[in-house]
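Understanding the architecture of this molecule
Each chain, written out:
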Amino acid sequence: MPLIGYARVSTEDQTPLPQSQALKSAGCVEIHEEQASGGNRARPVLARVLERIGKGDTLVVVRIDRLARSLSHLLEVIERLEAKGAFFRSLTDPIDTSSPQGKFTLQVLGAAAEFERALIRERTKAGLASARSKGRIGGNPGLRARDPAALRKVRLARQDGYMDRLNETAQDWVPHVRRLRPDMAWEDVLRIINAPLPHERQWTQSRLLRAVNAYVRDGFLDETVLGRAGRRDTDDRLPAIVAGIKGANPEITLQEICNRLEKMRERTPRGRTSWQPSSVKMLLERAEKLGLLD
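Just so we're clear, the structure is a prediction, and the values are computed from it rather than from any experiment. Residue indices begin from 1 for each chain and proceed along its sequence in written order. Two thresholds apply to this predicted model, a pLDDT of at least 70 for residue-level local features and 80 or more for giving and counting side-chain atom pairs, whereas whole-chain, interface and lining totals are computed over all residues. Excluded from the side-chain calculations are hydrogens and water; all other atoms, namely the structure's heavy atoms, are used.

Some details on the packing of aromatic side chains
Stated formally: Any pair of Phe, Tyr and Trp rings, taking the six-membered ring for Trp, is counted once the centres come within 6.5 Å. Such a pair is stacked with planes under 30 degrees apart, edge-to-face with planes over 60 apart, and tilted for the rest.
Taken as a whole and assessed by the stated rule, the structure comprises 3 aromatic pairs. Both rings, one in Tyr215 and one in Phe220, keep their centres 4.9 Å apart while their planes meet at 70 degrees; by these two values the pair is edge-to-face.

Digging into the sheet that holds strand β1 (residues 3-9)
Test applied: Each pair of strands is called paired provided DSSP finds at least two bridges between the two strands. Counting from the N terminus, the helices are DSSP H or I runs at least four residues long and the strands are E runs at least two residues long. Axis angles are defined between N-to-C directions and span 0 to 180 degrees, where every axis is a line fitted to C-alpha atoms and, for a helix, only to the segment in contact.
Pairing within the open sheet is parallel, and its 4 strands lie in the order β2-β1-β3-β4. The open sheet is flanked by β2 (30-35) and β4 (87-90), the only strands paired with a single partner. Across this sheet, the average inter-strand angle for adjacent strands is 25 degrees, counted without regard to direction. Bridging between strand β3 (residues 58-61) and β4 involves 4 bridges; their strand directions are parallel. Residue pairing in the sheet places Thr58 in a bridge with Phe87 of β4.

So, unusual backbone geometry
In this structure, the amide linkage connecting Arg181 to the following residue, Pro182, adopts the cis form with an omega of 0 degrees. You can see Pro182 is positioned in the loop between α6 (148-180) and α7 (186-194). Its identity as a non-glycine residue notwithstanding, Arg265 has a phi of 60 degrees, on the positive side. Examined against the element boundaries, Arg265 turns out to sit in the loop between α10 (254-263) and α11 (277-289).

Some details on helix α8 (residues 205-217)
Short version of the rule: Expected span, for any helix, means 1.5 Å times one less than how many residues it has. We call a residue buried when its accessible area falls under 20% of the maximum for its residue type, exposed when it is over 50%, and partly exposed in between, using a 1.4 Å probe and counting protein chains only.
The terminal C-alpha atoms of α8, which comprises 13 residues, lie 18 Å apart, in line with the 18 Å expected from a rise of 1.5 Å per residue. Residues Leu208, Ala211, Val212, Ala214, Tyr215 and Val216 constitute the buried set of α8. Where α8 terminates, the next one or two residues include Gly219, which has phi positive at roughly 85 degrees.

Considering the packing of α7 against α8
Applied cut-off: Roughly parallel refers to an angle under 35 degrees, roughly antiparallel to one over 145, roughly perpendicular to one between 65 and 115, and oblique to any angle outside these ranges. For this analysis, residues touch if any pair of their heavy atoms sits within 4.5 Å.
Orientation of α7 relative to α8, taken along the N-to-C sense of each, is 95 degrees, at an axis distance of 10 Å. By the angle between their axes, α7 is roughly perpendicular relative to α8. Contacts between α7 and α8 involve Trp186, Glu187, Leu190 and Ile193 on the former and, on the latter, Gln205, Leu208, Leu209 and Val212.

Points about the pattern of salt bridges
Inclusion rule: Salt-bridge detection follows one rule: a side-chain nitrogen of Lys or Arg within 4 Å of a carboxyl oxygen of Asp or Glu.
A complete count under the given rule lists 9 salt bridges for this structure. The salt bridge partner of Glu51 is Arg178, with a shortest N-O separation of 2.9 Å. Taken together, the residues span a long stretch of sequence, with Glu51 in helix α2 (residues 44-52) and Arg178 in helix α6 at a distance of 127 residues. Residue class for Glu51 comes out buried when judged on its relative accessible area of 14%. Among the ionic pairs, Arg201 bridges to Asp172, the shortest N-O distance being 2.5 Å. Here Arg201, found in the loop between α7 and α8, pairs with Asp172, found in helix α6; they are 29 residues apart in sequence, far enough to count as distant. Judged by relative accessible area, which is 12%, Asp172 ranks as buried. Connected via shared salt-bridge partners are Arg63, Asp65 and Arg66.

Remarks on the packing of α10 against α11
Contact pair α10 / α11: the axes reach a minimum separation of 9 Å and the direction vectors enclose 95 degrees. Relative to α11, α10 is oriented roughly perpendicular. Of the residues in α11, those in contact with Leu254, Gln255, Ile257, Cys258 and Leu261 of α10 are Pro277, Val280, Lys281 and Leu284.

Structural notes on the UniProt feature "active site" (unreviewed entry) in the chain
Put simply, the rule reads: UniProt positions are given in the numbering used here, feature names are shortened, and annotations may be inferred rather than shown by experiment. Pairs of N or O atoms within 3.5 Å make up the polar contacts considered here, provided that, within protein, one atom can donate a hydrogen while the other can accept it, and that residues adjacent in sequence are counted only when both atoms are side-chain atoms.
According to UniProt, the positions carrying the feature "active site" (unreviewed entry) are Ser10. In this structure, Ser10 sits in the loop between β1 and α1 (17-25). For Ser10, a relative accessible area of 24% puts it in the partly exposed group. Side chain to side chain, Ser10 and Arg8 meet in a polar contact 3.3 Å long.

Examining the environment of Ile31
Its place among the elements puts Ile31 in strand β2. A sequence separation of 11 residues divides Ile31 from Ser20, and the C-alpha atoms of the two residues are 6.8 Å apart. Sequence-distant contacts of Ile31, that is, excluding residues within four places in its chain, are made with Gly5, Ser20, Leu23 and Lys24.

A word on the environment of Ile4
Topologically, Ile4 is positioned in strand β1. Expressed as a C-alpha distance, the spacing of Ile4 and Val61, which sit 57 residues apart in the sequence, is 8.7 Å. The residues contacting Ile4, other than those within four sequence positions of it, are Cys28, Glu30, His32, Val49, Ile53, Asp57, Thr58, Leu59 and Val60.

Points about α7
Within α7, 7 of the 9 residues are buried, which leaves it mostly tucked inside the rest of the structure. Buried within α7 are the following residues: Trp186, Asp188, Val189, Leu190, Ile192, Ile193 and Asn194.

Written out as structure tokens, the structure reads:
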């Protein structure tokens, strides 16, 4: 069970060395360091760690405030890890999601967070009702006056919220985009991304392009992924698609690739709808000759 350490400091004047030493002593096989504010959820190093972490891995921090400054953010990160079959551990806090005690602590924290949200909702409703009874109008005065500074603040807040939502789904699409673009057309990249996803999590091309542009803008993806796709011979299209599926998950079996292609409604080289492992193997061999596989 590989242990992956994450150390964070808020300013350049601070050093992550004490955290890194503690993580190394705890047995972490790799340690990622980042300088970023705890209140900023869009952290590129943490985003890459959460993208690459695999089933059975454990993300380790010295204290939970090194990972998140709010309970809601902490629970979001742990939910992402659990969705990938990974675990979370804090060295100085009683949280280790690979143990029954740690899971119980997490359930208590989750219940506390929900209770806190309920109290905030009730206080907000009561405050609004009281203000209305006194004739006060709610809302931001700056927004009502169309103040440029207030409008810019709202726009940046919305942008941060959008990036937070993108980070939650990055593992679904970033590896494919990074590997396949611009060698493959967006239509085929989209079909490869959507094949293993349930219907409610599938992407549209316009939504995917917006997400990619946002990640390029913030430096999480190289701008070359937005380049124009080159023309590819018709005979090379299927090997490229199979190579893309295999490259994103080197451990995938031939039968699993068959299932993926059928879900994508790709036809075999002979025009059939049902795929056989032998056909996939042939396409992988051709992809290797074309230099499409590492």
